[in-house]
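For reference, the chains in residue letters:
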Amino acid sequence: MSASRSEVTVRILRLGNGGGASLPAYASEGAAGADLAAALQTPLTLKPGERALVPTGLAVELPDGFEMQIRPRSGLAARHGVTVLNSPGTVDSDYRGEVKVLLINLGAEAVTISDGERIAQAVIAPVTRAEFRLVDALSGSVRGEGGFGSTGRK
Ligand SMILES: O=c1ccn([C@H]2C[C@H](O)[C@@H](COP(=O)(O)OP(=O)(O)OP(=O)(O)O)O2)c(=O)[nH]1
Ligand SMILES: [Mg+2]
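This section reports on the structure supplied with the text. (Residues numbered from 1 in each chain as written. Chains lettered and ligands numbered in written order. Predicted model: local features only at pLDDT ≥ 70, side-chain atom pairs only at ≥ 80, totals over all residues. Heavy atoms only, no water.)

With that settled, the discussion passes to the site of ligand 1. Surveying the vicinity of ligand 1 reveals the residues I70, N86, G89, T90, V91, D92, Y95, E98, V99 and K100. Between ligand 1 and D92 there is a distance of 2.5 Å, counted from an oxygen atom to a side-chain nitrogen or oxygen. For ligand 1, whose accessible area on its own is 560 Å², the fraction buried by protein is 49%. Mapped by element, the contributors of at least two residues to the shell around ligand 1 are β8 (89-91) and β9 (98-105). (Near = heavy atom within 4 Å. Polar contact = N/O pair within 3.5 Å; in protein donor to acceptor, adjacent residues only side chain to side chain. Areas by Shrake-Rupley, 256 points an atom, 1.4 Å probe, with all protein chains shown as cover. Helix = DSSP H or I, 4+ residues; strand = E, 2+ residues; numbered from the N terminus.)

What follows is the structure in structure tokens.
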């Protein structure tokens, strides 16, 4: 690991249903996301338009101040139109249940997901929490209330 990189420890539990569930794994030296694999007793077929909450067979304990974002794999999306419906999914640091991936098939053909297949990727990211403070007025700005295309078409 280079000096400029940060690394945190994420404790992982393999759940009963997971059998030999694969741990999240970085596919290359510089990968931002660790691939998450499906933990399935039997293959799962998603018809066009269908979605499913796919088990990973894993529960995680994230360090306080971090989240796990569950993002699509571009290969699966490009090849089959399969993506993460709630992307980026949020795994809270206090969540101890099974990590699941909400896949949807936006493609035109049925897609079958097999046990151990890499279906999404997990990015560990720092979280900033806010104090939401109610006030009577906000400070002025050049943009003001303009939004949703207010700066022009280009
Ligand atoms: O893709 C996801 C998204 C969420 N979760 C788990 C971990 C997360 O901590 C919990 C709650 O997620 P979220 O806050 O997005 O869902 P919610 O609909 O707000 O449910 P809740 O009321 O439980 O917070 O569900 C996953 O396993 N995968
Ligand atoms: Mg929530």
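Strand order in the open sheet made by the five strands is β2-β3-β11-β6-β8, with antiparallel pairing throughout. The strands lining the two open edges of the sheet, one partner per strand, are β2 (25-26) and β8. In this sheet, strand β3 (residues 34-37) lies alongside β2 in antiparallel orientation, the contact comprising two bridges. Along β3, the bridge assignment pairs A25 with D35. (Pairing = 2+ DSSP bridges.)

This part is about the pattern of salt bridges. Within this structure, the stated rule accounts for four salt bridges. Note that R118 is salt-bridged to D35, the shortest N-O span being 2.9 Å. Note that R118 is positioned in strand β11 (residues 118-126) and D35 in strand β3, a separation of 83 residues in sequence. Accessibility expressed as a relative area gives 9% for D35, which makes it buried. When the shortest N-O distance is used, the salt bridge between R133 and E131 registers 3.3 Å. (Salt bridge = Lys/Arg side-chain N within 4 Å of Asp/Glu carboxyl O. Buried < 20%, exposed > 50% of the residue type's maximum accessible area, 1.4 Å probe, protein only.)

Peptide bonds are, in most cases, trans, and in most cases residues other than glycine have a negative phi. Across the junction of S87 and P88, the peptide omega takes the value -10°, indicating a cis bond. If you trace the backbone, P88 turns up in the loop between β7 (82-84) and β8. The phi dihedral of F148 is positive, around 55°, even though this residue is not glycine. One can find F148 in the segment after β11.

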